[in-house]
Amino acid sequence: MLLRKVGFSPVLSTALRLAPSASGSARPAESSLFTYNGRPYASQAAEAVLDKHATGSETAAKTSTDKKTSDLESKSFAVNMFKGQISTAQVFPFPSVMNEEQTQFLSELVGPVAKFFETVNDPMKNDELEKVEDGTMEGLKEMGAFGLQVPSHLGGLGLTNTQYARLVEIVGMHDLGVGITLGAHQSIGFKGILLFGNKQQKEKYLPKLATGETIAAFCLTEPSSGSDAASIKTVAVQSDCGQYFTLSGGKIWISNGGLAEIFTVFAKTPIKDKTTGEVKDKITAFIVERGFGGVTHGPPEKKMGIKASNTAEVHFDAVRVPLENVLGEVGGGFKVAMNILNNGRFGMAAALSGTMKGVISKAVDHAANRTQFGNKIHNFGVIQEKVARMAMMQYVTESMAYMISANMDMGASEFQIEAAISKIFASEAAWTVTDECIQIMGGMGFMKDAGVERVMRDLRIFRIFEGTNDILRLFVALNGFQNAGKQLKGLQHALKNPIGNAGFLAGEISKRAKRKAGLSSGLSLHGTVHPELAESGELLVKAIEQFGGVVEDQLLKHGKKIVDEQFVLKRVSDSAIDLYAMVVVLSRASRSLSQGHSSAQHEKVLCETWCLEAHDRIMNDMKALQSSSSKRLFKNLRAISTAVVENGGVVSPHPLGF
């Protein structure tokens, strides 16, 4: 990514050494975010990188290779890039998913929402009060802002993901504190009811939630479980009659915790295996009403930023929750939680693209009017580079947000890697852009009245909540390795019948031989990207070929132990982020050029510049992973960290000796 400081193994012989699958049933992809065998900073999905039962792959090896490919090939660009392949189905052309009616409805909403935030909402006042002003809350309710994606027949606006993204972008431009209040309510608070609720649950709860008459909150985090969601202590025990659960425990740092009447709560439930009789704790999701009794909350937390949003502890003291308030299946709560988070991440990218637009405008206004050394400072190269990079990061973030929202609206089932990438990129890009805005504005930017310091404070949490960026980087890399591992297992099975799979094996041998020799494996975006962006498209192709080869090498080298190679995983993830950023800007700029937009040539330059630098970053990281020096580097980093931790701080003595 731009946010970073600016030998090949013969696969056929190695693939034969891959251990055959010995695991049980496959785990859902959604369960791959937080823990692996209780170890934080890893992934449950990684347990299955090579060991996972790939029924489809095994079946396909027994049939023709063509059928195998058509049946199993993912349409996700991110999934395929880890295999050294390109799938354009979800990225070219840049998707346009709204019909005329939807476009008209959205255009009628944009103006009033923007005007509301410009004239009614006061972000500085909200920040000082540490709450959203009552008048603003009422105005938001009147506009329907608390039920943007609730179906219209249940009292909401019934917006698509793309429509939702456009309105969230406006909120993000003006007040992230209000954005968190709205997002905690609908992006995660009651999103579980939308995704997993049955007809009765939706009809009972969504109408009042849509109007804002009742507020919702998402209750997952506990003192002992942040990223390691599987270690929660809150327990729900089913009654002997089976008609209710008794819920006890506490949650911390809950957005809207002091305001909410409806809570999506995750708790461990003891479940008896019908076959073995063994009792195991599994996570279950519940819809909990404050009115059930036994639900209390602590005082609002004192925070660095997003002060306007309410954050509080929520406690559940022997709360009786009816059986009909189980969300999804008993024991299926982890899947519910991960789907909620995966489903909402694109909204963060949309909001932060709006935040960046706002701070870029402030920076540009200052640069265009500030005179130093007899010249406007926007004419100085150091300022020009800052503004250019700020614009590129905003362009990438916005392109990611609307690419993913469109994919979701088109019914894509695989977008979790892309959504995680968008959250990582957007939160880091927004921080960098805002920091550079302050730098361009100088002392003025540091002053409270300029309004940028509040944005900076508000932004810091975005790299932490809804999956820390550190965890999400592992999520991106390990999910990618998992899919690449399945491809290698397909090759392993094909080798068992070399005559019947001769065509397939010949293609695989040829591809790897060309890659080893530094030649093109035959991938191309010719005819897909606009001709004026052909060179940038070729850079993407070369980067994917190199990336796919290194992923395969690392997988063959480490096998299932890749889960422990976090220095490797981080660098692979950074390159994956850059690759996805390249393809979204190539797609968007190609569309602008093809349609003759007035901004087309500007977008072309944004795209070309991003692709040039991203390509170089990817190649450098991939080269480093293949070099012997990386092993020494990782060993040194581990040793330095261990020494500092053991010493309780800095190890080196003071240079003055005292």
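Everything that follows concerns the structure shown earlier in this document.
A few points on the structure. (Residues numbered from 1 in each chain as written. Predicted model: local features only at pLDDT ≥ 70, side-chain atom pairs only at ≥ 80, totals over all residues. Heavy atoms only, no water.)

Considerations on the overall build of the protein chain
The following threshold applies: We count a stretch as a helix when DSSP gives it H or I for four or more residues in a row; a strand needs E for two or more, and each element gets its number in order from the N terminus. For every residue, the accessible area (1.4 Å probe, protein chains only) is compared with the maximum for its type, and the residue is labelled buried under 20%, exposed over 50%, or partly exposed between those bounds. Note on areas: these come from Shrake-Rupley sampling with a 1.4 Å probe, and a residue is covered only by the protein chains present in the view.
A count of helical and extended segments in the protein chain gives 22 helices and ten strands. Scored against the burial criterion, the 658 residues of the protein chain give a buried share of 54%. Surface accessibility of the protein chain: about 28700 Å² in total, with carbon and sulfur atoms responsible for 54%.

Some remarks on the packing of helix 8 (residues 161-174) against helix 12 (residues 333-369)
The condition is simple: Under this scheme, a helix contributes an axis fitted over its contacting stretch, all axes are lines through C-alpha atoms, and angles between N-to-C directions fall in the 0 to 180 degree range. Our angle categories are set so that under 35 degrees counts as roughly parallel, over 145 as roughly antiparallel, 65 to 115 as roughly perpendicular, and the remainder as oblique. Left-handed describes a crossing whose near helix is turned anticlockwise from the far helix through less than a right angle; right-handed describes the clockwise counterpart. Working rule for contacts: check all heavy atoms of both residues, and any pair within 4.5 Å makes them a contact. Residue classes follow a fixed rule: Ala, Val, Leu, Ile, Met, Phe, Trp, Tyr, Cys and Pro count as nonpolar, while Asp, Glu, Lys and Arg count as charged, and any other residue, Gly among them, counts as polar.
Where helix 8 contacts helix 12, the axes come no closer than 7 Å and their chain directions differ by 40°. With respect to their mutual orientation, helix 8 and helix 12 come out oblique. Every pair of crossing elements has a handedness; the one defined by helix 8 and helix 12 is right-handed. From helix 8, N161, Y164, A165, V168, E169, G172 and M173 reach across to helix 12, where they touch F346, G347, A350, A351, S353, G354, T355, K357 and G358. Of the residues that constitute the contact of helix 8 with helix 12, the class distribution is seven nonpolar, seven polar and two charged.

Some words on helix 7 (residues 134-143)
Note the cut-off: The arc in question is the one spanned by the directions pointing from the helix axis to the C-beta atoms.
Those residues of helix 7 that fall on the buried side of the exposure criterion are T136, M137, G139 and L140. Down the axis of helix 7, the buried set is contained in an arc of 165°. They therefore lie on one face. Residues D134, G135 and E142 are exposed on helix 7 and point more than 90 degrees away from its buried face. The inward-facing, buried residues of helix 7 contact helix 5 (100-119) and helix 9 (176-189). Count one or two residues on from helix 7 and you reach G144, which has phi positive near 85°.

Some points on the environment of H378
Mapped onto the secondary structure, H378 falls in the loop between strand 10 (375-376) and helix 13 (381-409). On the accessibility criterion, H378 (35% relative accessible area) is partly exposed. Along the sequence, H378 and A363 sit 15 residues apart, while their C-alpha atoms lie 9.7 Å from each other. Other than its neighbours up to four places away in sequence, H378 contacts A367, A368, I383 and Q384.

Concerning unusual backbone geometry
Cis geometry marks the peptide bond from F92 to P93; its omega dihedral reads -15°. Relative to the assigned elements, P93 resides in the loop between helix 4 (77-81) and helix 5. Even without being a glycine, E466 presents a positive backbone phi close to 55°. Mapped onto the elements, E466 comes out in the loop between helix 16 (452-459) and helix 17 (469-495). Looking at E466, the relative accessible area reads 18%, which means it is buried.

Let's talk about the environment of F116
Tracing the backbone through its elements, the reader meets F116 in helix 5. Placed 24 residues apart in sequence, F116 and L140 show a C-alpha to C-alpha distance of 8.7 Å. Once you skip the residues sitting within four places of it in the chain, F116 turns out to touch N121, T136, G139, L140 and M143.

A short note on the packing of helix 12 against helix 14 (residues 416-441)
When two helices pack together, their arrangement is given by the angle between the helix axes and the distance between those axes. Following both chains from N to C, one finds helix 12 and helix 14 inclined at 20°, their axes separated by 8 Å at the closest point. Looking at the two axes, helix 12 sits roughly parallel to helix 14. Considering only the axes of helix 12 and helix 14, their crossing is left-handed. In terms of residue class, the contact of helix 12 with helix 14 is built from 18 nonpolar, six polar and three charged.

Comments concerning the pairing of strand 2 (residues 235-238)
Which entries qualify depends on this criterion: Two strands pair under a simple rule: DSSP has to find at least two bridges between them.
Pairing between strand 2 and strand 3 (residues 244-255): four bridges, direction antiparallel. Counterpart to V237 in the pairing with strand 3 is T246. Between strand 2 and strand 3, which pair antiparallel one after the other, the connecting turn spans five residues, and G242 there sits at a positive phi close to 80°.

Here we look at a nonpolar patch on the surface
For clarity, the threshold we go by: Like-charged residues are merged into a patch within 9 Å and nonpolar side chains (Val, Leu, Ile, Met, Phe, Trp, Tyr) within 5 Å, provided each residue has over 30% relative accessible area and no salt bridge. Between Lys or Arg on one side and Asp or Glu on the other, a salt bridge is scored when a side-chain nitrogen of the former is within 4 Å of a carboxyl oxygen of the latter.
On the surface, a nonpolar cluster with roughly 240 Å² of combined accessible area is contributed by I640, V644 and V651. Mapped onto the elements of the fold, V651 is located in the segment after helix 22 (628-647).

Concerning helix 11 (residues 199-211)
Here is the rule we go by: Helices are assigned an expected span. That span is 1.5 Å times one less than the residue count. Each residue is assigned a bend, namely the angle between axes fitted to the seven residues that terminate at it and the seven residues that start at it. Whenever a nitrogen or oxygen atom comes within 3.5 Å of another N or O atom, the pair is scored as a polar contact, on the condition that within protein one atom can donate a hydrogen and the other can accept it, and that pairs from neighbouring residues in sequence are kept only if both atoms are in side chains.
Taking 1.5 Å as the rise per residue, helix 11 with 13 residues should run 18 Å; its terminal C-alpha atoms sit 19 Å apart, in good agreement. At Y205, helix 11 is bent by approximately 35°, the largest bend along its length, and proline P207 sits one to four residues beyond. Listing the buried residues of helix 11 in full gives Q201, Y205, L206, L209 and A210. Packed against the buried residues of helix 11 are helix 9, helix 10 (191-196), strand 1 (216-219), strand 4 (262-272), strand 5 (279-289) and strand 8 (326-327). Its side-chain oxygen at 3.2 Å from the backbone nitrogen of Q200, N198 defines the N-terminal cap of helix 11. Of the residues flanking the end of helix 11, it is G212, one or two places downstream, whose phi is positive at about 85°.

Concerning the pattern of salt bridges
By the definition in use, this model includes 24 salt bridges. In this structure, R389 and E385 form a salt bridge, with 3.1 Å as the shortest nitrogen-oxygen distance. Of this pair, R389 and E385 both sit in helix 13, four residues apart, which is roughly one turn of the helix. Residue E385 is classed as partly exposed on the basis of its relative accessible area of 46%. Across the pair R473 and E428 runs a salt bridge, and its minimum N-O distance is 2.7 Å. Taken together, the positions of R473 in helix 17 and E428 in helix 14 put the pair 45 residues apart, joining distant regions of the chain. For R473, a relative accessible area of 11% puts it in the buried group. Among the residues examined, E428 registers a relative accessible area of 13% and is labelled buried. Overlapping salt bridges bring together R166, E169, K357, E398, R588 and E603 as one network.

Focus on the packing of aromatic side chains
For clarity, the threshold we go by: Centres within 6.5 Å make a pair out of two Phe, Tyr or Trp rings, where for Trp the six-membered ring is used; the pair is then stacked when the planes are under 30 degrees apart, edge-to-face when over 60, and tilted otherwise. Charge over a ring is defined by NZ of Lys or CZ of Arg lying within 6 Å of the ring centre and within 35 degrees of the ring normal.
On inspection of all chains with the given rule, the structure shows ten aromatic pairs. Consider the rings of F116 and F117, whose centres lie 5.5 Å apart with planes at 80°: the pair is edge-to-face. The exposure class of F117 is buried, given its relative accessible area of 4%. Aromatic pair F567 and F634: ring centres 5.1 Å apart, planes at 10°, arrangement stacked. One end of the pair, F567, is in helix 20 (residues 566-595); the other, F634, is in helix 22, and 67 residues separate them in sequence. The class of F567 is partly exposed, set by a relative accessible area of 24%. A relative accessible area of 8% places F634 in the buried class. The positively charged end of R460 is found above the aromatic ring belonging to W431, 5.9 Å away from the centroid. Positioned above the aromatic ring of W431, the side-chain terminus of R463 is 4.9 Å from the ring centre.

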